Amino acid sequence: MVKMYYNEDADLDVLKDKTVTVLGYGSQGHAQAQNLHDSGINVIVGLRKGSARWKQAEKDGLTVKTVPEAVKSADIIQILLPDEVQSRVYENDIMPYLESGNAIVFSHGFNIHYNQIIPPEDVDVYMVAPKSPGHLVRRTFKEGTGVPGLIAIYQDATGDAHKLALAHAKGVGCTRAGVFETTFREETETDLFGEQVDLCGGVASLIKMSFEVLVEAGYKPEMAYFETLHELKLIVDLIHEGGLEKMWYSVSNTAEYGGLTVGPKVINELSREAMYEALERIQNGEFAREFVLEGKVNNPVLTSMERQEREHPIELVGKDLRAKMPWLNSELNED
Ligand SMILES: NC(=O)c1ccc[n+]([C@@H]2O[C@H](COP(=O)([O-])OP(=O)(O)OC[C@H]3O[C@@H](n4cnc5c(N)ncnc54)[C@H](O)[C@@H]3O)[C@@H](O)[C@H]2O)c1
Ligand SMILES: CC(C)(O)[C@@H](O)C(=O)O
Ligand SMILES: [Mg+2]
Ligand SMILES: [Mg+2]
């Protein structure tokens, strides 16, 4: 078993005299900056002048500066910008102001692993990667718990990178839930695989296709929505708490027999082949090249797919139904 690190293994004091700048105030940025600040660490947020997020970060009680000013004021520079813009911002607004002994921190290894950012040898480079969407990083922290996370050391110029990474993970709240150590390569490749095949891509495709089949067969879209999307969370909660065993225990024998016999026909050997293909494209850098080039031309494919996704009938019926369920936390930008 891998070693897990908890609160007692990490010492926040190593960050006592340091300033951490969090570049970006999106999903991870707003969560990690506020958690670090609430943990007593001196935090500055770095944003573009005129960024819509600037006011929000100030409203949240944080100091905000432009990226170059934030980097100049900091010992530890945490890059929580979209992966596809990080290398450009690094070249223009980070690298010129780095000082020997600084640390650069990532929450995903993409830009290091795929050579988009090549840091100088005299800075620490480490990762603190919460294994969770950013909004839950903040929500769980405020509830007094946290989400599990990974740390990884790419470069230990000062000899302190490991202690810093653990303290940083503690400030973000991850050592409350458990942190384990990995490498930039392992985090990057498994993270990309998980989000493409299972967590985001696989699940979204499964939801949409099962919804489409029910609606095409003449069932009401509202029925199909509850069956294929809404209830998924309730089932996943059981899996999350107690593994597949707890889910199979809780559902009826009918669901258990039907699920165990039909599931492998739906997610089948063809799906396995597609998963291996996705993994190969991640491992050989093809996916990274495609995504980096997509970013360089201002995300035309992503923009168009986001629009198509918003217009999918399950999203339209879902919007109406969720409006009738005010107890759902469906705000997009909730803190
Ligand atoms: N979203 C997640 O839950 C999640 C989970 C784990 C790891 N990560 C990693 O965290 C990092 C950040 O991802 P995110 O999803 O939080 O990003 P995001 O898109 O939600 O937020 C990005 C932030 O950067 C700002 N920004 C964009 N371009 C900028 C520029 N040129 N200069 C300055 N600021 C700019 C945006 O205004 C925004 O505040 C990525 O490395 C990602 O892989 C994200
Ligand atoms: C939250 C995820 C999917 O785990 C993360 O990896 C991301 O890129 O947003
Ligand atoms: Mg992930
Ligand atoms: Mg990811």
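Given the structure is predicted, the values throughout are model-derived calculations rather than measurements.

**Some details on the site of ligand 2**
All residues in the neighbourhood of ligand 2 are listed as P133, D191, E195 and C200. A distance of 2.8 Å separates an oxygen atom of ligand 2 from a polar side-chain atom of D191. Separating an oxygen atom of ligand 2 from a side-chain N or O atom of E195 is a distance of 2.8 Å. Here ligand 2, which alone exposes 270 Å², has 60% of that area covered by the protein. For the shell around ligand 2, the per-class residue count stands at two nonpolar, no polar and two charged.

**Side note on the coordination of the magnesium ion (ligand 4)**
For the magnesium ion (ligand 4), the protein coordination sphere consists of D191 (OD) and E195 (OE), at 2.0 to 2.1 Å. Taken as a pair, the magnesium ion (ligand 4) and the magnesium ion (ligand 3) lie 3.7 Å from each other and share D191 as a ligand. You can see D191 and its partner E195 sitting in helix 8 (residues 184-199), four residues apart, about one turn around the helix. We classify D191 as buried; its relative accessible area is 17%.

**What about the UniProt feature "domain: KARI C-terminal knotted" (unreviewed entry) in the protein?**
The positions UniProt marks with the feature "domain: KARI C-terminal knotted" (unreviewed entry) are residues 183-328. Taken end to end, residues 183-328 has its terminal C-alpha atoms 37 Å apart, with 85% of it in helix and 0% in strand.

**Some words on empty space enclosed by the protein**
Tallying each qualifying case throughout the model produces one cavity of 30 Å³ or more. Computed from the structure, the largest cavity encloses a volume of approximately 40 Å³. Around the largest cavity, the lining residues are D83, E84, S87, N111, Q116, V292 and K296. Looking at the lining of the largest cavity, the elements that each hand over two or more residues are helix 4 (83-94) and helix 13 (286-296). A total of three residues in the lining of the largest cavity trace back to one element, the largest contributor, which is helix 4.

**What to know about the packing of helix 10 (residues 221-250) against helix 15 (residues 313-323)**
Working note: a packed helix pair is described by the angle between its axes plus the distance between those axes. Across the interface, helix 10 lies against helix 15 with an axial gap of 10 Å and an inter-helix angle of 90°. Here helix 10 is positioned roughly perpendicular relative to helix 15, judged by the angle of their axes. On the side of helix 10, the interface is formed by P221, E222, Y225, F226, T228 and L229, while helix 15 contributes I314, V317, G318, L321 and R322. Looking at the contact of helix 10 with helix 15, its residues break down into seven nonpolar, two polar and two charged.

**Some words on unusual backbone geometry**
Phi at N115 is positive, roughly 65°, even though this residue is not glycine. With respect to the helices and strands, the residue N115 is situated in the loop between helix 5 (110-113) and strand 7 (124-130). Unlike most non-glycine residues, N298 shows phi in positive territory, near 70°. Looking at the secondary structure, you find N298 in the loop between helix 13 and helix 14 (300-310). With a relative accessible area of 63%, N298 lands in the exposed category.

**Let's talk about the site of ligand 1**
Near ligand 1 there are 21 residues, and of these Y25, S27, Q28, D83 and G134 occur at the shortest range. In the environment of ligand 1, an oxygen atom lies 2.8 Å from a nitrogen or oxygen atom belonging to the backbone of Q28. Here D83 contributes a side-chain N or O atom positioned 2.6 Å from an oxygen atom of ligand 1. Considering ligand 1 on its own, with 830 Å² of exposed area, one finds that the protein chains cover 78% of that surface. Where the shell around ligand 1 is concerned, the elements lending two or more residues are helix 1 (27-38) and helix 4. With four residues, helix 4 is the single largest residue contributor to the shell around ligand 1. Taken together, the residues of the shell around ligand 1 sort by class into nine nonpolar, nine polar and three charged.

**Quick notes on the packing of helix 1 against helix 7 (residues 161-172)**
As a packed pair, helix 1 and helix 7 sit with axes 7 Å apart at the nearest point and diverge in direction by 95°. The pairing of helix 1 with helix 7 is recorded here as roughly perpendicular in orientation. On the side of helix 1, the interface is formed by Q32, N35 and L36, while helix 7 contributes H168, G171 and V172. Its residues assigned to classes, the contact of helix 1 with helix 7 comprises two nonpolar, four polar and no charged.

What counts and how
- Position numbers for residues count from 1 along each chain, tracking the sequence in the order it is written.
- For this description, chains carry letters from A and ligands carry numbers from 1, given in the order in which they are written.
- The predicted origin of the model limits local features to residues at a pLDDT of at least 70 and limits the giving and counting of side-chain atom pairs to 80 or more, whereas totals for whole chains, interfaces and linings rest on all residues.
- Derived side-chain values reflect all non-hydrogen atoms in the structure, with water molecules and hydrogen atoms excluded from consideration.
- Summary of the distance rule: residues count as near a molecule or strand when at least one heavy atom falls within 4 Å of that molecule or strand.
- Side-chain atoms alone can form a polar contact between residues adjacent in sequence; in general such a contact is a pair of N or O atoms within 3.5 Å, and within protein one must be able to donate a hydrogen while the other accepts it.
- Only the protein chains shown count as covering a residue, and every accessible area follows the Shrake-Rupley method with a 1.4 Å probe.
- The nonpolar class holds Ala, Val, Leu, Ile, Met, Phe, Trp, Tyr, Cys and Pro. Asp, Glu, Lys and Arg form the charged class, and all remaining residues, Gly among them, are polar.
- Listed donor atoms are N, O and S within 2.8 Å of the metal (Na, K and Ca: 3.2 Å). As water is not included, a site may look incomplete.
- Secondary structure follows DSSP: runs of H or I at least 4 residues long count as helices, runs of E at least 2 residues long count as strands, and numbering of each begins at the N terminus.
- Only protein chains enter the accessibility calculation, which uses a 1.4 Å probe. A residue is then buried if its area is under 20% of the maximum for its type, exposed if over 50%, and partly exposed in between.
- UniProt positions are given in the numbering used here, feature names are shortened, and annotations may be inferred rather than shown by experiment.
- Think of a 1 Å grid over the protein atoms and nothing else: a 1.4 Å probe that fits but is trapped marks a cavity, an open set flanked by protein within 12 Å on at least five of seven lines marks a pocket, and residues with an atom within 4 Å of a point count as lining.
- Grid points are joined across faces, edges and corners, and a volume is the space filled by probe spheres set on the points.
- Inter-axis angles, ranging from 0 to 180 degrees, are taken between N-to-C directions of lines fitted to C-alpha atoms, where helices are fitted over the stretch in contact.
- To sort the angles, those under 35 degrees are grouped as roughly parallel, those over 145 as roughly antiparallel, those from 65 to 115 as roughly perpendicular, and the leftovers as oblique.
- Pairs of residues are marked as contacts when any of their non-hydrogen atoms sit within 4.5 Å.

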